[in-house]
Amino acid sequence: MNAPDAQDGAPVRFGIILLPDFTLTAFSGLVDVLRLASDEGDNSRPRRCSWEILGENPQPVRASCGVQIAPWSLFGRPDAYDYLVVVGGLLRATPEISKTTLDFIHAAGGSRTTLVGVCTGAFALMRAGVLDGHRVCVSWFHYWDFLEQFPQADANLLVADRLYVEDRRRITCSGGRASIDVGAAILARHVPPAAVQKALRILQVDEPGRYNAPQPQPHLPGAAPSSHPKVRRAILLMEQHLSQALTVEALAKKLDMSVRQLERLFKEDTGKSPQAYARAMRLGVAAWMLRQSGKTVAAIASACGFSDASHMGREFRQAYGVPPGVYRAGGRQEAATQAAGAAPADGADYAELFPNRSQFY
């Protein structure tokens, strides 16, 4: 890394591009880490690092929540920053990113500047042609959106189960609170560790997430990339409504098709009915949460759309052969042993629940 060491007096320079409908949490988390780690005391002076909001024109950019932020500076030299951060947000309601913005990102990618994609900022980096051959982190929520928008992308380089990924001079993160982790990880290279820890304490973050820490909810890849687009969209809707499951009638209505059409397509692409697929998805997420979180069984049941812990327990035992508590305590291998082979074999993971998938994370 060739960025200056702020301990020697040269501040680390950050340029930040906000895309239309950007996520305010992702932006503010990153900036507050920079602000709090940059100065002694509580003056918020940019001593150890500096940052400015960039744009192609002075017009304010609207966040997904409605807050508007005007750029401080117009695009200038693309290599004027040690880090160029692109913050995204909503995908489907967002206008096309302008050619001017994409050209600026592309030019920065050809310099010694490190590019950072926050939330769906990774989509903009990909569209600007600066992520070819790099590993890319996206939220599990946007995994299939990314492959749909960039069919040429190598799915083996797409990471949807980590908070953030660094690959040479490219850093991409899943968004939300992960932007705090990214900011802390970057600053740890350039400023005293005590300054970073101070910033995290003020932000009520006990410990920054490791780069390989799992995202709060797993990405469960839906149908394979070759599947029918209506099925892919249906699976995304299932993921979005995990805690309050859509009826098959509501799902078909959102997809502008009949229930019979939806059931036929699901059977062809997944081997399951929509109801069975959604049930397997809920159980798969519940299994992941049992192993990866400290939430109670009741809380997991609520998050995964079961009526209560007893309901989840019955469904879970039927699918895995053991109750949730045994699964959590012993893991898949031990649980399978205790259940005398009733649970899916070790290593089967979601493959048994989703037999037609081509990739598993």
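Residues numbered from 1 in each chain as written. Predicted model: local features only at pLDDT ≥ 70, side-chain atom pairs only at ≥ 80, totals over all residues. Heavy atoms only, no water.

## Digging into the overall build of the protein
Moving on, step 1. On a plain count of helices and strands, the protein comes out with 14 helices and 11 strands.
Moving on, step 2. Put simply, 65% of the contacts in the protein that link residues at least 6 apart link residues at least 24 apart.
Moving on, step 3. A total of about 16500 Å² of accessible surface is found on the protein, and carbon and sulfur atoms cover 49% of it. (Helix = DSSP H or I, 4+ residues; strand = E, 2+ residues; numbered from the N terminus. Contact = heavy atoms within 4.5 Å. Areas by Shrake-Rupley, 256 points an atom, 1.4 Å probe, with all protein chains shown as cover.)

## Points about the side chain of histidine 142
Moving on, step 1. Tracing the backbone through its elements, the reader meets histidine 142 in the loop between β8 (136–137) and α4 (143–149).
Moving on, step 2. Residue histidine 142 is classed as buried on the basis of its relative accessible area of 14%.
Moving on, step 3. Ignoring any residue separated from it by four or fewer positions in sequence, one finds histidine 142 in contact with Leu91, Thr120 and Phe123. (Buried < 20%, exposed > 50% of the residue type's maximum accessible area, 1.4 Å probe, protein only.)

## Let's talk about the nonpolar core
Buried together is how nonpolar side chains tend to be arranged in soluble globular proteins.
Moving on, step 1. Counting residues in each nonpolar core, the largest one holds 41 residues, and the members touching the most others are Phe14, Ile16, Leu18, Phe27, Val87 and Leu187.
Moving on, step 2. Contributions of two or more residues to this core are made by β1 (12–18), α1 (24–38), β2 (49–55), β6 (83–87), β7 (114–118), β11 (170–173), α5 (178–187) and α6 (193–202).
Moving on, step 3. Here the element with the most residues in this core is α1; it accounts for 8 residues.
Moving on, step 4. If you look at the next biggest cluster of nonpolar residues, it comprises 34 residues, including Leu237, Val248, Ala252 and Leu283. (Core = buried A, V, L, I, M, F, W, Y, C linked by side-chain atoms within 4.5 Å.)

## A word on the sheet that holds β7
Moving on, step 1. With mixed pairing, 7 strands are arranged side by side in an open sheet as β5-β2-β1-β6-β7-β11-β10. Lying at the two open borders of the sheet, with one neighbouring strand each, are β5 (73–74) and β10 (164–167).
Moving on, step 2. Of the strand pairs in this sheet, β2 and β5 are connected by 2 bridges, and their pairing is parallel. The partner of glycine 55 across the bridge, within β5, is leucine 74.
Moving on, step 3. The strands touched by α5 are β1, β2, β6, β7, β10 and β11; relative to β11, the strand with the most contacts, the crossing angle is about 155°. (Pairing = 2+ DSSP bridges. Axes fitted to C-alpha atoms, helices over the stretch in contact; angles between N-to-C directions.)

## A look at helix α10 (residues 274–292)
Moving on, step 1. Across its 19 residues, α10 extends 27 Å between first and last C-alpha, which sits within 8% of the 27 Å expected from 1.5 Å per residue.
Moving on, step 2. In terms of residue burial, α10 counts as a mostly covered element, since 14 of its 19 residues are buried. (Expected span 1.5 Å × (residues − 1).)

## Remarks on the pairing of β7
Moving on, step 1. With 5 of 5 residues buried, β7 lies mostly within the body of the structure.
Moving on, step 2. Across the two faces of β7 the burial is the same, with Thr114, Val116 and Val118 and Leu115 and Gly117 all buried.
Moving on, step 3. Two elements, β6 and β7, share 5 bridges in a ladder whose sense is parallel. Note that in β7 the partner of valine 87 across the bridge is valine 118.
Moving on, step 4. As paired elements, β7 and β11 share 4 bridges and run parallel to each other. Considered in β11, the bridge of glycine 117 is made with threonine 172.

## A few points about the side chain of histidine 190
Moving on, step 1. Structurally, the position occupied by histidine 190 is in the loop between α5 and α6.
Moving on, step 2. By relative accessible area, histidine 190 is classed as buried at 2%.
Moving on, step 3. A polar contact of 2.8 Å, which involves the side chain of histidine 190, links it to the side chain of tyrosine 83. (Polar contact = N/O pair within 3.5 Å; in protein donor to acceptor, adjacent residues only side chain to side chain.)

## What about the confidence of the model for the protein?
Any segment with low pLDDT has predicted coordinates that should not be analysed in fine detail.
Moving on, step 1. Scored by pLDDT, the protein has a mean of 82; 81% of the residues are at 70 or more.
Moving on, step 2. Residue range residues 332–361 is modelled with pLDDT below 50. Its contacts to residues more than four positions away, or to other chains, number 64 contacts. (pLDDT = per-residue confidence, 0-100.)

## Points about the packing of aromatic side chains
Moving on, step 1. Counting across every chain of the model gives 10 aromatic pairs.
Moving on, step 2. Ring centres 5.9 Å apart and planes at 80° place the aromatic pair phenylalanine 22 and phenylalanine 27 in the edge-to-face group. The same class applies to phenylalanine 22 and to phenylalanine 27, which are both buried.
Moving on, step 3. What links up through ring pairs into an aromatic cluster is the set Phe123, Phe146 and Phe150.
Moving on, step 4. Directly above the ring of phenylalanine 306 sits arginine 282, whose terminal nitrogen or CZ lies 5.6 Å from the centroid. (Phe/Tyr/Trp six-rings, centres within 6.5 Å; stacked < 30°, edge-to-face > 60°. Lys NZ or Arg CZ within 6 Å of the ring centre and 35° of its normal.)

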